[in-house]
Amino acid sequence: TRCAYILGDALQTYNCLPGETWRYFLALQRELEIHMHEDQVWNVEQVSEWLKQSEENLEDWEVYSKMLAAGDRDLHVSQSSPWKWYLGVSVFIWLLSGLMCWGLNTHGLYPMTVMLTANVGLTLTIFCLTLAAVNIFPHLAPGPMFKCHMIVFVLLIYAFSY
């Protein structure tokens with residue numbers, strides 16, 4: 001979105017490194033205020049003229065807003081996010097894998113079979129929780145660092161399990 005673009009541009013302008021944003025808080029806040037003022041001026045000057053020109057034809061505005069929303073998934077108000085479903089599936093997989101491990105352990109099977117079942121269940125649970133997080137926090141979760149963290153976490157689980 002525009003705010004993320006402006007903030008990224010400001011971070012690059014002031015050469016802010018990770019962990020140093022507190023030093024440049026006032027400068028970054030001022031940068032956002034300048035652009036917020038520009039957006040307000042643009043809205044007053046441009047949007048009011050557009051509304052005056054097309055007050056009689058509101059269908060064009062609905063088509064235009066759908067066209068804008070098609071490119072930005074945060075603007076889809078009418079569509080529900082499936083994060084609750086992903087969260088429910090992850091809890092179900094976690095409970096199912098726990099029950100399977102308990103059942104395999106009570107039958108006295110080889111411990112590596114129980115460990116493999118637990119790891120596969122945990123991997124699927126983490127995958128579903130990641131999809132839920134992507135839907136709940138669309139600006140934070142889809143980044144490469146988030147995905148890399150999940151992959152490293154799963155690999156470490158497998159490495160320390162055996």
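Whatever comes next refers back to the structure up there.
Residue positions within a chain follow its written sequence, with the count starting from 1. Reporting in this predicted model follows two pLDDT cut-offs: at least 70 for local features of residues, and 80 or more for side-chain atom pairs to be given and counted; totals over whole chains, interfaces and linings ignore these cut-offs and use all residues. Where side-chain values are given, they derive from all heavy atoms of the structure, hydrogens and water being excluded.

A. Structural context of the overall build of the protein chain. A tally of helices and strands in the protein chain yields 6 helices and 0 strands. Counting from the N terminus, the helices are DSSP H or I runs at least four residues long and the strands are E runs at least two residues long. In sequence order, the protein chain lays out its α and β elements as α-α-α-α-α-α. For every residue, the accessible area (1.4 Å probe, protein chains only) is compared with the maximum for its type, and the residue is labelled buried under 20%, exposed over 50%, or partly exposed between those bounds. Put simply, the protein chain has 162 residues, and 19% of those count as buried. For the protein chain, contacts bridging at least 24 residues in sequence account for 60% of all contacts bridging at least 6. A contact between two residues is defined here by any heavy atoms of the two lying within 4.5 Å.

B. Summary view of helix α5 (residues 111-136). By definition here, a helix of n residues has an expected span of 1.5 Å times n minus one. With 26 residues, α5 extends 37 Å between its outermost C-alpha atoms, agreeing within 8% with the 38 Å of an ideal straight helix rising 1.5 Å per residue. Among the residues of α5, those classed as buried are Val114, Thr117, Asn119, Gly121, Thr125, Ile126, Cys128, Thr130, Ala132, Ala133 and Val134. Each element contacted by the buried residues of α5 is listed here: α4 (83-106) and α6 (144-161).

C. Region of interest: α4. Taking 1.5 Å per residue, 24 residues should reach 34 Å; α4 reaches 35 Å between its end C-alpha atoms and fits that length. Taken together, the buried positions of α4 are occupied by Tyr86, Ser90, Ile93, Ser97, Cys101, Gly103 and Leu104. Taken together, the buried residues of α4 touch α5. Two residues or fewer after α4 comes Gly108, characterised by a positive phi angle close to 75°.

D. Inspection of the packing of α5 against α6 at higher detail. Only C-alpha atoms enter the line fits that serve as axes; for helices the fit covers just the stretch in contact. Angles between N-to-C directions range over 0 to 180 degrees. Axis separation between α5 and α6 bottoms out at 11 Å; the angle between their running directions is 170°. Classified by the angle between their axes, α5 and α6 sit roughly antiparallel to one another. Contact residues: Met115, Asn119, Val120, Leu122, Thr123, Ile126, Phe127, Thr130 and Ala133 in α5; Phe146, Met150, Phe153, Val154, Ile157, Tyr158 and Ser161 in α6. By residue class, the composition of the contact of α5 with α6 is 12 nonpolar, 4 polar and no charged. Oblique is the label for any angle not covered by the other classes, which are roughly parallel (under 35 degrees), roughly antiparallel (over 145) and roughly perpendicular (65 to 115). Residue polarity is assigned by list, with Asp, Glu, Lys and Arg as charged and Ala, Val, Leu, Ile, Met, Phe, Trp, Tyr, Cys and Pro as nonpolar; anything else, Gly included, falls into the polar class.

E. Inspection of a nonpolar patch on the surface at higher detail. A surface patch of nonpolar side chains, about 660 Å² in accessible area, is lined by Tyr110, Met112, Met115, Leu116, Val120, Leu124 and Tyr162. Tracing the backbone shows Leu116 in helix α5. Classification of Leu116 by relative accessible area gives partly exposed; the value is 44%. Like charges are joined within 9 Å and nonpolar side chains (Val, Leu, Ile, Met, Phe, Trp, Tyr) within 5 Å, but only among residues with over 30% relative accessible area and no salt bridge; these make up the patches. Accessible surface is estimated by sampling points in the Shrake-Rupley manner with a 1.4 Å probe; for residues, cover comes only from the protein chains shown. Whenever a carboxyl oxygen of Asp or Glu lies within 4 Å of a side-chain nitrogen of Lys or Arg, that contact is scored as a salt bridge.

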